[in-house]
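Next come the chains, spelled out residue by residue.
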Amino acid sequence: MRALYTAATGMAAQELNVQVISNNIANLRTTGFKKQRAAFQDLIYDHVRRVGAQASDQGTILPVGVDIGGGVKTVGTPRLMTQGTLSATGNDLDIAIRGEGFFKIQMPDGTFTYTRDGSFQMDATGRVVNAQGNPVQPTITIPQNSTGITINAQGQLSVTLPGSTTPTTVGQIGLTRFINKAGLQPIGDNLFTDTPASGAPQDGIANTDGYGDMQQSNLEQANVEVVSEISDLIAAQRAYEMNAKVISAADQMLQSTAALFR
């Protein structure tokens, strides 16, 4: 019976939907995390009677047809790149982006990745690095024994050097944006890589030409809305249960039909 396979596709789709929702909830407190949603499409149809077909020799046209659907399929899990709320941390090297852009990170193999996670630190040489020890681009080295780290809205990092009373700019943290930021490929560790879908990276300076500004001593929180995720989870669970009931009903109908021919 076709209903068995149709309902099975529905159960598989909702199982994936729950997986996406659970990942969103699991990353509720992940800095800079961008939530996903599951997108579905209906499967190919069996056109038993095509709408608009000629119904008689007199040229009568069928106003409706008979189309039997084959179920549902998952076509993607697009990531929603909306702004997360900013949370003050008091850490001088924590930076939140308010608006468009990503921090650019150089990996050990020389390639670049991108992130909204601005929880930076200093390594043993004074470089500004991310949690994995990879340098933020352009590379900035904070001189030893310097104090008073300040980062303005444009990303200029200034410190007070030993023996001086005035701040000195030691580097500029850049931002990178993409035509289609939803097309970035997540690789874990709060990092993304560019893809043909995202378009080429466009490097620039914060708070200029449409790039967002930087907020020192703040971090961007995940854009996950708990109430919305719980509501979606309940709806997915109900949809899964209904598809399971369809399979049960179809099985009972098959058993009844088989009993008639015994």
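Residue numbering note: each chain is counted from 1, following its sequence as written. The predicted nature of this model means local features are confined to residues of pLDDT at least 70 and side-chain atom pairs, given and counted, to a pLDDT of 80 or more, with totals for whole chains, interfaces and linings taken over all residues. Hydrogens and water are ignored here; the side-chain numbers use all heavy atoms of the structure.

Visitor: Residue-level account of the pattern of salt bridges, with values.
Guide: Salt-bridge detection follows one rule: a side-chain nitrogen of Lys or Arg within 4 Å of a carboxyl oxygen of Asp or Glu. Applying the stated criterion to the full structure yields 7 salt bridges. As a salt-bridge pair, Asp123 and Arg127 come within 2.8 Å of each other at their nearest N and O atoms. Exposure categories follow from relative accessible area, calculated using a 1.4 Å probe and restricted to protein chains: below 20% of the type maximum is buried, above 50% is exposed, and the middle band is partly exposed. When its relative accessible area of 28% is taken as the criterion, Arg127 is described as partly exposed. Several salt bridges converge on common partners, so that one network encompasses Lys34, Arg116 and Glu220.

Visitor: Please provide a residue-by-residue account of the packing of aromatic side chains, values included.
Guide: Pairing of aromatic rings covers Phe, Tyr and the six-membered ring of Trp, with a centre-to-centre limit of 6.5 Å; geometry is then stacked below 30 degrees between planes, edge-to-face above 60, and tilted otherwise. Here the structure, examined in full by the defined rule, presents 4 aromatic pairs. Plain terms: the ring middles of Phe102 and Phe178 are 6.0 Å apart, the flat faces sit at 70 degrees to each other, and that makes the pair edge-to-face. Taken together, the residues Phe102 in the loop between strand S6 (95-98) and strand S7 (103-106) and Phe178 in the loop between strand S14 (175-177) and strand S15 (185-188) connect sequence positions 76 residues apart. On the basis of relative accessibility, which here comes to 3%, the residue Phe102 falls in the buried class. When the ring of Phe102 is compared with that of Phe192, the centres are 6.1 Å apart and the planes differ by 70 degrees; the resulting orientation is edge-to-face. Highlighted residues: Phe102 in the loop between S6 and S7 and Phe192 in strand S16 (residues 191-193), separated in sequence by 90 residues. Pair check on accessibility: Phe102 and Phe192 agree, each one buried. In this text, helices come from DSSP runs of H or I with a minimum length of four residues, and strands from runs of E with a minimum of two, each type numbered from the N-terminal end.

Visitor: I'd like a description of the sheet that holds strand S12 (residues 156-160), backed by residues and values.
Guide: One bridge is not enough; two strands pair if DSSP finds at least two bridges between them. Strand order in this open sheet of 3 strands is S11-S12-S13, and the pairing throughout is antiparallel. Among the strands making up the open sheet, the edge pair consists of strand S11 (147-151) and strand S13 (167-172). Each neighbouring strand pair of the sheet contributes to a mean axis angle of 25 degrees, computed without reference to strand direction. The pairing of S12 with S13 spans 5 bridges and is antiparallel. Within S13, the residue paired with Val159 across the bridge is Thr168. Under this scheme, a helix contributes an axis fitted over its contacting stretch, all axes are lines through C-alpha atoms, and angles between N-to-C directions fall in the 0 to 180 degree range.

Visitor: Could you give an account of the nonpolar core, naming the residues involved and the relevant values?
Guide: In this structure, Phe103, Phe120 and Leu157 are the most contacted members of the largest nonpolar core, which totals 21 residues. For this core, the secondary-structure elements that each account for two or more residues are S6, S7, S11 and S12. Only buried Ala, Val, Leu, Ile, Met, Phe, Trp, Tyr and Cys residues count toward a nonpolar core, and they belong to the same one when joined by side-chain atoms within 4.5 Å. In terms of nonpolar packing, the next biggest core, distinct from the first, is built from 6 residues, Met81, Phe102, Leu184 and Phe192 among them.

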